[in-house]
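Here is what each chain is made of, one letter per residue.
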Amino acid sequence: MRSLILCLMLATATMTTAAVVGAVPATASGDVRKAPVPVHYRTANIEGLDIFYREAGPVDAPVVLFLHGFPTSSHMFRNLIPLLADRYHVIAPDYPGYGQSAAPDHDKFAYTFAGTANIVDKLMDHLAVKSYAMYVMDYGAPVGYRLALKHPERVSGLIIQNGNAYDEGLKEFWDPIKTYWSDGSAKSREALNGLVTLETTKFQYTDGMEDVSRISPDNWVHDQALLDRPGNRDIQLDMLYDYRTNVPLYPDFQSFFRERKPPTLIIWGKNDYIFPEAGAHPYLRDLPNAEVHILNSGHFLLEEKLDVAAPLINDFLDRNIASK
């Protein structure tokens, strides 16, 4: 019996050693997945405000500037950033009143798209960034296009995701907002209170999605916690009112597209009720060489279709931006 146990012990030891030895070549050969590029979470004082931004990637690589939408922040890019930052220098700020950036009372600070674009512009100066491709979404489109009007030579490319620059893209969702634009009344303002509720925030993330089970509830919990901060409702309603100032600039935005012809990738969730697919196709009038991908998704398509969008974005950047 003792000899049998000894034989079993020797056999087990031999098998364990073989397993350990067998594991060495895979490690030694470099057959190990790379860890994601680390993301840094920074704050810069811009025009007296603490502006939060996410930053990742080689500092000497081409810059991709991410400009977020409503009602979120740079949080919306948290999953995409590591997928680009191995080859690109990614910068994703939070606007004043959004995310982790300062949110002064709306009676003391003017929340406008012109002011927001100016803050982002000053942040780029602070970071000594003189050229960038822009990923624009929702509010990020007019913010980014205002930057483009100010510094057209700096824009090396555009990635447009459900971000409008044409009258065709302002459908029925915008009707009560247009009423507020036209009369500026307290009644019209109060009528928009529902746009900053949990119900609407959740709607923005789930409506039109092909597979809602892929959308993390963390999204609307995170965004709503920030919307519910004292005074933030008025910040959002001020921005909704000021959106009216973007519409007269649409012809200028379109002239920029025609004259500068930046390489452009359009990725659009076709089921978006806020910025519907009708706003995607007019870009081709001014950017006929733009690459267009209409995905079966909703407003925040990166939450559902990241596996589709990220390869398209990387391929676009590699072909058009990497060498610049």
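Note that the structure is predicted; figures quoted are calculated from it, not measured.

(A) Here's a closer look at helix 7 (residues 198–206). Taken together, the buried positions of helix 7 are Thr 200, Thr 201, Gln 204, Tyr 205 and Thr 206. Among the structural elements, helix 8 (218–227) and helix 12 (302–320) are those in contact with the buried residues of helix 7. Positioned one or two residues after helix 7, Gly 208 has a phi angle of 80°, which is positive.

(B) Seen up close, the packing of helix 4 (residues 140–150) against helix 10 (residues 250–260). It is the contact of helix 4 with helix 10, at a shortest axis distance of 10 Å, that shows an interaxial angle of 65°. Like other packed secondary-structure pairs, helix 4 and helix 10 cross with a definite hand, here left-handed. For the pair formed by helix 4 and helix 10, the contact residues are Pro 142, Tyr 145, Arg 146, Ala 148 and Leu 149 on the first element and Asp 252, Phe 253, Phe 256 and Phe 257 on the second. Of the residues assigned to the contact of helix 4 with helix 10, the class counts are seven nonpolar, no polar and two charged.

(C) Molecular detail of the sheet that holds strand 7 (residues 264–269). Read across the sheet, eight strands follow the order 1-2-4-3-5-6-7-8 without closing on themselves; strand pairing throughout is mixed. The open sheet has two free edges, formed respectively by strand 1 (39–46) and strand 8 (291–295), since each of these has just one partner strand. Mean inter-strand twist for the sheet, computed between neighbouring axes without regard to direction, equals 20°. In terms of strand pairing, strand 1 meets strand 2 (residues 49–56) through eight bridges, oriented antiparallel. Across the sheet, residue Arg 42 finds its bridge partner in strand 2, namely Tyr 53.

(D) Region of the structure containing unusual backbone geometry. Geometrically, the link from Phe 70 to Pro 71 is a cis peptide bond, its omega value of 0° lying close to zero. Within the secondary structure layout, Pro 71 lies in the loop between strand 3 (63–67) and helix 2 (81–84). Positive phi, close to 55°, is recorded for Asp 138, a residue that is not glycine. Looking at the secondary structure, you find Asp 138 in the loop between strand 5 (132–137) and helix 4.

(E) Inspection of the pairing of strand 7 at higher detail. Among the six residues in strand 7, six count as buried, and that is most of the element. Neither face of strand 7 is open: one carries Thr 264, Ile 266 and Trp 268, the other Leu 265, Ile 267 and Gly 269, and all of them are buried. Bridge analysis of strand 6 (residues 155–161) against strand 7 gives three bridges, and the strand direction is parallel. Within the sheet, the bridge partner assigned to Ile 160 lies in strand 7 and is Ile 266. Here strand 7 pairs with strand 8 via five bridges, running parallel. Bridge pairing links Ile 267 to His 293 in strand 8.

(F) Molecular detail of the packing of helix 3 (residues 113–126) against helix 4. The N-to-C vectors of helix 3 and helix 4 enclose an angle of 65°; their axes lie 9 Å apart at closest approach. Here helix 4 runs roughly perpendicular to helix 3, going by the angle between their axes. At the point where helix 3 passes helix 4, the crossing takes the right-handed sense. Across the interface between the two elements, Phe 113, Ala 114, Thr 116, Ala 117, Asn 118, Val 120 and Asp 121 from helix 3 touch Pro 142, Val 143, Arg 146, Leu 147 and Lys 150 from helix 4. Residues belonging to the contact of helix 3 with helix 4 are distributed by class as follows: seven nonpolar, two polar and three charged.

Parameters and conventions
- Residues numbered from 1 in each chain as written.
- Predicted model: local features only at pLDDT ≥ 70, side-chain atom pairs only at ≥ 80, totals over all residues.
- Heavy atoms only, no water.
- Buried < 20%, exposed > 50% of the residue type's maximum accessible area, 1.4 Å probe, protein only.
- Helix = DSSP H or I, 4+ residues; strand = E, 2+ residues; numbered from the N terminus.
- Contact = heavy atoms within 4.5 Å.
- Axes fitted to C-alpha atoms, helices over the stretch in contact; angles between N-to-C directions.
- Left-handed = near helix turned anticlockwise from the far one by under 90°.
- Nonpolar A, V, L, I, M, F, W, Y, C, P; charged D, E, K, R; others polar.
- Pairing = 2+ DSSP bridges.
- Parallel < 35°, antiparallel > 145°, perpendicular 65-115°, else oblique.

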